[in-house]
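Tertiary structure, described
As a plain string of letters, each chain reads:
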Amino acid sequence: MKAALPIARTRSAWALPAVFLLAMSAACTPSDGSDDGGSASSCAYRVEYERHAYLGAEAKGFTIGERVGVALLPPCDDTPGNDSDGDDGPATSISKAAYAIKGVDPGVAIVLEESADDVIFVNIDSDKKLPEIKELIQGP
C-alpha cells in the first residue's frame with residue numbers, strides 16, 4: 001500500500017509556501033498603493049492540469065489521495081500585450097506535484113504538494129460548483 005503523501009503535512013511545512021504565495025500576489029499589485037483610475041493589477045492563484053485551468057479555493061476536511069501527475073503554475077501576466085515591463089521573453093511555468101482528493105474526481109478538483117492545508121484547486125470547466133465540491137470534501 002502506498003503512502004498517500006510523501007511529505008509531512010504540518011503547519012510548519014507549509015509556512016514557506018504560504019509566504020511565497022503572499023509574495024507572488026504582492027508582486028502583482030502596485031507598490032505605491034495608488035490607483036490612478038485604471039484597473040488594479042491582480043493574479044489569480046491558478047494552475048493548469050490535464051489541459052484544464054483550476055482556480056484555488058478554500059476547503060476543509062478533505063483527505064489527500066494518490067499523486068495524479070504534475071500541475072503547472074503559469075507566470076503572472078495580468079496585463080497581456082503590455083510590453084512596457086522590460087521583460088525579454090515569457091517567464092516559465094512552475095511544476096508542482098498534483099494529488100487527488102479522496103472522493104473527488106481529479107477532473108473536478110486537485111491538491112498541490114506545496115499548497116496551504118486548506119487550499120484546493122477547482123477545475124473551472126467542471127459542471128460541479130464550489131459548494132458541491134465543499135460538500136464532497138467535508139461531507140453532508
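Here the structure is a predicted model, which is why all the values come from computation and not from measurement.

This next bit is on the overall build of the chain. Assigned secondary structure in the chain consists of 2 helices and 6 strands. Split into buried and exposed, the 140 residues of the chain put 28% on the buried side. Partitioning the contacts of the chain with sequence separation of at least 6, the portion at a separation of at least 24 is 65%. Element-wise, carbon and sulfur atoms account for 53% of the exposed surface of the chain, whose accessible area totals about 9100 Å².

What follows covers the nonpolar core. Core analysis: the biggest nonpolar cluster contains 15 residues, and Phe 62, Ile 101, Ala 109, Ile 120, Ile 133 and Ile 137 have the highest contact counts within it. Of all elements in the fold, only strand S4 (94–101), strand S5 (109–112), strand S6 (119–123) and helix H2 (130–138) reach the threshold of two or more residues within this core. Ranked by the residues each element gives to this core, the list is headed by S4, at 3 residues. Not counting residues up to four positions away in its chain, the partners in contact with Ile 120 are Leu 55, Gly 56, Ala 57, Ala 59, Phe 62, Ile 101, Ala 109, Ile 110, Val 111, Ile 133 and Ile 137. Of all hydrophobic cores here, the second largest spans 10 residues; its members include Val 47, Tyr 49, Tyr 54 and Ile 110.

On to the packing of aromatic side chains, then. Counted according to the given criterion, the structure contains 2 aromatic pairs. Their ring planes at 75° and their centres at 4.8 Å tell us that Tyr 45 and Phe 121 sit as a pair that is edge-to-face. Of this pair, Tyr 45 sits in the loop between helix H1 (11–27) and strand S1 (46–49) while Phe 121 is found in strand S6, placing the two residues 76 residues apart along the sequence. Assessed through its relative accessible area of 0%, Phe 121 is described here as buried. When the centroid spacing of 5.9 Å and the interplanar angle of 70° are considered together, the rings of Tyr 49 and Tyr 54 count as edge-to-face. In this pair, the class of Tyr 49 matches that of Tyr 54, namely buried.

Here we take up unusual backbone geometry. Unusually for a residue other than glycine, Glu 50 sits at a positive phi of about 50°. By secondary structure assignment, the location of Glu 50 is in the loop between S1 and strand S2 (52–58).

Moving on: the pairing of S1. Judged by which residues are buried, S1 turns out to be one-sided: Val 47 and Tyr 49 face inward and are buried, whereas Arg 46 and Glu 48, on the alternate face, are not. With 4 bridges connecting them, S1 and S2 associate as antiparallel partners. Looking at S2, one finds that Glu 48 is bridged to Ala 53. Remark: 2 residues form the turn of the hairpin made by S1 and S2, two consecutive strands paired antiparallel; Glu 50 in that turn has positive phi of roughly 50°.

Here we come to the confidence of the model for the chain. Reading predicted coordinates in detail is not appropriate for stretches of low pLDDT. Residues at a pLDDT of 70 or more form 60% of the chain, whose mean pLDDT is 73. Taking the mean pLDDT of every element in the chain, the minimum, 38, falls on H1 and the maximum, 96, on S5. Low pLDDT (under 50) marks residues 1–39, which in the prediction has 36 contacts with non-local residues, meaning those over four places away or in another chain.

What counts, and at which threshold
- Residues numbered from 1 in each chain as written.
- Predicted model: local features only at pLDDT ≥ 70, side-chain atom pairs only at ≥ 80, totals over all residues.
- Heavy atoms only, no water.
- Helix = DSSP H or I, 4+ residues; strand = E, 2+ residues; numbered from the N terminus.
- Buried < 20%, exposed > 50% of the residue type's maximum accessible area, 1.4 Å probe, protein only.
- Contact = heavy atoms within 4.5 Å.
- Areas by Shrake-Rupley, 256 points an atom, 1.4 Å probe, with all protein chains shown as cover.
- Core = buried A, V, L, I, M, F, W, Y, C linked by side-chain atoms within 4.5 Å.
- Phe/Tyr/Trp six-rings, centres within 6.5 Å; stacked < 30°, edge-to-face > 60°.
- Pairing = 2+ DSSP bridges.
- pLDDT = per-residue confidence, 0-100.

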